[in-house]
Amino acid sequence: MKVAVTLASGQLGSAIIKALIAKIGKNQVLGIARTPEKAEHLGIEIRKGDYNNRSDFDVALQGVDQLVIVSGMDEPQKRIQQHRNVIEAAKKNAVQKIVYTSIIGAEEGTAFSPVVKSNRQTEEDIKTSGLEYVIGRNGIYIEPDLEYLDNYIQAGEISNCAGNGKVGYTSRAELAMAYANMLLEEKHNGQTYNLNGQAITQSQLADYINQAFRTNLTFKDLSVTDYQKERQAALGDFLGTIIAGIYEGIRKGVNEVPSDFEKAAGRPHLSPLEMMKHFQQN
């Protein structure tokens, strides 16, 4: 059996590859990357695959039995066709099963909704492809908050527009283990799983960070409008709007959903504090 993972040079793609290697060995795993040289450090075969180029995947998926499609990072209106390029190439090459990394969120009502809506369309395209499939809907990664810690410490606070909304943070390492199981175990076929951890507020996030990193942070709630303006100024209109939309969704409760992580991974999700300790060790 040969399994492949797209976006192999990215953080989630490479984490899934490492989890698969641990389970079935390097010889059965290959990576697909737009720039193969950026994924050579994984020590496996890397094939070229640009989501915008269907012909890349006609070649890259030759001999592949099972495939993880890691959701693209382009603008929502471009993602649907990009993912269809991979799905159609998978059908042409008789790939037996697709696992797709989607996302938790609302299709309407926030500035992040266009991204969620494009992912839902890809979910539907996979379900109607005729191939075996499993869909994972990722919770919000905890790593960006931890990587931003110096900024939080300088400000003395975490500030965003999430209010008292709760979010079940996850991590790339947790997701990677779940996706490896979802790909290799037939019992998951046909399922759609929410892959998220314990739901917490931003105030609780600050408390956990204080415990893990011996900081003294508090949470400051901003209006959606003010936070969006701040993020746009820092990150540009597109990304700033997307980030604000994510926290707007948390405020509205769209990220507080039941978790299927234990079904997918075979064990409970790590707690926020455990994920932080894991981050410190790596």
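Predicted model only: the values in this text are computed from it and were never measured.

### Some words on unusual backbone geometry
- Of note, the phi angle at Leu 7 is positive, near 50 degrees, even though the residue is not glycine.
- Mapped onto the elements, Leu 7 comes out in the loop between β1 (3-5) and α1 (11-24).
- In the Ramachandran plot, Arg 214 falls in the positive-phi region, its phi being about 55 degrees despite a non-glycine side chain.
- Note on placement: Arg 214 falls in the loop between α8 (202-213) and β11 (218-221).

### Re the packing of aromatic side chains
- Under the counting rule described, the total for this entry stands at three aromatic pairs.
- Each ring, one from Tyr 148 and one from Tyr 152, has its centre 5.2 Å from the other, and the planes form 75 degrees; the classification is edge-to-face.
- Judged by relative accessible area, which is 33%, Tyr 148 ranks as partly exposed.
- Summarising the aromatic geometry, the rings of Tyr 227 and Tyr 247 are spaced 5.6 Å apart at their centres and angled 85 degrees between planes, so their arrangement reads as edge-to-face. Within this pair, whereas Tyr 227 is found in helix α9 (residues 224-235), its partner Tyr 247 is found in helix α10 (residues 237-252), the two being separated by 20 residues in sequence.
- You can call Tyr 227 buried: its relative accessible area is 5%.
- The buried category is assigned to Tyr 247, whose relative accessible area is 11%.

### Comments concerning the layout of surface pockets
- Of the pockets and cavities examined, the second largest pocket occupies roughly 430 Å³.
- Along the wall of the second largest pocket there are 17 residues; nearest its centre are Glu 143, Arg 172, Ala 173, His 278 and Asn 282.
- Mapped onto the lining of the second largest pocket, the elements with two or more residues apiece are α1, α5 (143-147), α7 (172-184) and α12 (272-281).
- Of the residues forming the lining of the second largest pocket, the biggest block, five residues, is contributed by α1.

### Notes on the sheet that holds β1
- The seven strands lie next to each other as β3-β2-β1-β4-β5-β6-β9, forming an open sheet whose pairing is parallel. Because the sheet does not close on itself, it has two edges, and the strands there are β3 (45-48) and β9 (192-195). Here the average twist between neighbouring strands, direction ignored, is 20 degrees.
- Across three bridges, the pairing between β1 and strand β4 (residues 66-70) is parallel. Note on β4: the bridge partner recorded for Ala 4 is Leu 67.
- On the sheet, α1 packs against β1, β2 (29-33), β4, β5 (97-103) and β6 (132-138) and is oriented at approximately 160 degrees with respect to β1.
- Where helix α4 (residues 113-127) meets the sheet, its contacts fall on β5, β6 and β9, and the angle it forms with β5 comes to roughly 165 degrees.

### Overview of the pairing of β6
- Burial runs high along β6: six of the seven residues are buried.
- Inspection of the sheet shows β5 paired to β6 by seven bridges, in the parallel sense. Within β6, the position partnered with Ser 102 by the bridge is Arg 137.
- A crossover connection joins β5 to the parallel β6 through α4; in handedness this β-α-β unit is right-handed.
- Sheet topology note: the β6/β9 ladder contains four bridges and is parallel. For Ile 135, the partnering residue across the bridge sits in β9 and is Thr 192.

### Details of the pattern of salt bridges
- Overall, the coordinates contain 14 salt bridges when judged by the stated rule.
- Residues Arg 47 and Glu 45 are paired through a salt bridge, measuring 2.8 Å at the closest nitrogen-oxygen approach.
- Residue classification places Glu 45 among the partly exposed positions, given a relative accessible area of 38%.
- Here Asp 58 ties to Arg 54 by a salt bridge, and the two come within 2.7 Å at their closest N and O atoms. Taken together, the positions of Asp 58 and Arg 54, both in helix α2 (residues 54-60) and four residues apart, correspond to about one turn of that helix.
- The exposure class assigned to Asp 58 is buried, which follows from its relative accessible area of 16%.
- Several salt bridges share partner residues, and in doing so they unite Arg 54, Asp 58 and Lys 92 into one network.

### Here's the deal with the environment of Lys 127
- Note that Lys 127 resides in helix α4.
- Owing to a relative accessible area of 33%, Lys 127 belongs among the partly exposed residues under this scheme.
- Considered as a pair, Lys 127 and Thr 218 are 91 residues apart in the sequence and their alpha carbons are 44 Å apart.
- Sequence-distant contacts of Lys 127, defined by excluding residues within four places in its chain, comprise Tyr 133, Ile 135 and Thr 192.

Conventions used here
- Residues numbered from 1 in each chain as written.
- Predicted model: local features only at pLDDT ≥ 70, side-chain atom pairs only at ≥ 80, totals over all residues.
- Heavy atoms only, no water.
- Helix = DSSP H or I, 4+ residues; strand = E, 2+ residues; numbered from the N terminus.
- Phe/Tyr/Trp six-rings, centres within 6.5 Å; stacked < 30°, edge-to-face > 60°.
- Buried < 20%, exposed > 50% of the residue type's maximum accessible area, 1.4 Å probe, protein only.
- 1 Å grid on protein atoms, 1.4 Å probe; cavity = no way out; pocket = protein on both sides within 12 Å on 5 of 7 lines; lining within 4 Å.
- Points joined across faces, edges and corners; volume = space filled by probe spheres on them.
- Pairing = 2+ DSSP bridges.
- Axes fitted to C-alpha atoms, helices over the stretch in contact; angles between N-to-C directions.
- Contact = heavy atoms within 4.5 Å.
- Right-handed = clockwise from strand over helix to strand, strands pointing away.
- Salt bridge = Lys/Arg side-chain N within 4 Å of Asp/Glu carboxyl O.

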